[in-house]
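Residue strings, one per chain:
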Amino acid sequence: IVCFDGGEIICCSKCPRAYHSKCLAKDGGNSVSIDYLPRNWRCKRCKRDKEVQMGEELANKFYAFGDKKIRSAYADYKGCSDFATCCALLSMISEILAKLKNYDYGYYFSEPVDMESVTDYLDFVDTPMDYNIISERLESGTYADHIISTDGEKSIMEDILLHVLCDIDRVHRNCKVYNEQGACGTK
């Protein structure tokens, strides 16, 4: 709720957003009665997100070669046959991380957990991770430092890509492990 006024609210069935009928009208919608809304009513933001197809917001500039900063960070692996493809994918991941940091609740995952205020965090989580650490490692090329050897089935670039994706997954797993089921950050 943005206005913080009291009264009946309309809850989105897809996300945690809630609105007053009069606030929906101010936002360009029609003032509606809760009684006339469909059971699975979705807010304007969720409707927009559903209409955006995969890749529509991502610029095509990354498909051929990827971001210059990413290519430079992993230039030692130019000889890999999949260098261009993996750099393009790493660049898209970097763009997605930037969007996630600015998305609703993204700030929760963009900074390290404050260990002074959350003193028992390390009792539950072995390896803390956040979007900023991933972005910094991605852009500095330090993900390559995590590669000890390849198993022969994957290239070095594929291993780097896998490490990045595992760290992104770790951010969300850590949240789920530490927080109670159903808490706002785990939805």
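Our subject in this report is the structure included herewith. These numbers were taken from a predicted model, which means no experiment stands behind them.

## Brief notes about the packing of helix α8 (residues 131–140) against helix α9 (residues 156–178)
Closest axis-to-axis distance for the α8/α9 pair is 10 Å, and the angle between their directions is 170°. Regarding the angle of α8 to α9, the classification is roughly antiparallel. Contacts from Y131, I134, R137 and L138 in α8 reach V164, D167, I168, V171 and H172 in α9. Of the residues belonging to the contact of α8 with α9, the class tally is 6 nonpolar, 1 polar and 2 charged.

## Some details on the packing of helix α5 (residues 83–102) against α8
In a pair of packed helices, the angle between the axes and the distance between the axes together describe the arrangement. At a minimum axis distance of 10 Å, the contact between α5 and α8 shows a crossing angle of 150°. Between α5 and α8, the angle falls in the class roughly antiparallel. Where α5 crosses over α8, the two elements pack in a sense that is left-handed. Each of L90, I93, S94, L97, L100 and K101 in α5 lies in contact with α8, whose residues at this interface are Y131, N132, I134, S135, L138 and E139. Here the contact of α5 with α8 is composed, by residue class, of 7 nonpolar, 3 polar and 2 charged.

## Focus: α5
The first and last C-alpha atoms of α5 sit 29 Å apart over 20 residues, in line with the 28 Å expected at 1.5 Å per residue. For α5, the set of buried residues is F83, C86, C87, A88, L90, S91, M92, I93, S94 and L97.

## Quick notes on the side chain of D130
Here D130 is to be found in the loop between α7 (121–124) and α8. Look at D130: it is buried, it has no salt bridge, and the nearest opposite charge is K101 at 7.2 Å. Polar contacts involving the side chain of D130 include one to the main-chain amide nitrogen of N132, which spans 2.9 Å. Sequence-distant contacts of D130, defined by excluding residues within four places in its chain, comprise F109, S110, E111, P112 and V171.

## Overview of α8
What α8 keeps buried is the set Y131, N132, I134, S135 and L138. Mapping the buried residues of α8 onto a view down its axis gives an arc of 160°, with all of them on the same face. The inward-facing, buried residues of α8 contact α4 (68–73), α5, α6 (107–110) and α9. With a side-chain oxygen lying 2.9 Å from the backbone nitrogen of N132, the N-terminal cap of α8 falls on D130. In the stretch just after α8, G141 is the one whose phi turns positive, near 85°.

## Observations concerning a nonpolar patch on the surface
Together, Y105, Y107 and Y108 make up an exposed nonpolar region whose accessible area comes to about 340 Å². For Y107, the position within the fold is in helix α6.

## Overview of the pattern of salt bridges
If you walk through the whole model with that rule in mind, you get 4 salt bridges. A salt bridge links R170 to D167; its shortest N-O distance comes to 2.7 Å. Placement of the pair is R170 and D167 together in helix α9, with a separation of 3 residues, close to one helical turn. Given the relative accessible area of 5%, D167 is considered buried.

What counts and what doesn't
- Residues numbered from 1 in each chain as written.
- Predicted model: local features only at pLDDT ≥ 70, side-chain atom pairs only at ≥ 80, totals over all residues.
- Heavy atoms only, no water.
- Axes fitted to C-alpha atoms, helices over the stretch in contact; angles between N-to-C directions.
- Helix = DSSP H or I, 4+ residues; strand = E, 2+ residues; numbered from the N terminus.
- Parallel < 35°, antiparallel > 145°, perpendicular 65-115°, else oblique.
- Contact = heavy atoms within 4.5 Å.
- Nonpolar A, V, L, I, M, F, W, Y, C, P; charged D, E, K, R; others polar.
- Left-handed = near helix turned anticlockwise from the far one by under 90°.
- Expected span 1.5 Å × (residues − 1).
- Buried < 20%, exposed > 50% of the residue type's maximum accessible area, 1.4 Å probe, protein only.
- Lys, Arg positive; Asp, Glu negative; His and termini not counted.
- Salt bridge = Lys/Arg side-chain N within 4 Å of Asp/Glu carboxyl O.
- Polar contact = N/O pair within 3.5 Å; in protein donor to acceptor, adjacent residues only side chain to side chain.
- Arc of directions from axis to C-beta.
- Patch = residues over 30% accessible without salt bridge, like charges linked within 9 Å, V, L, I, M, F, W, Y side chains within 5 Å.
- Areas by Shrake-Rupley, 256 points an atom, 1.4 Å probe, with all protein chains shown as cover.

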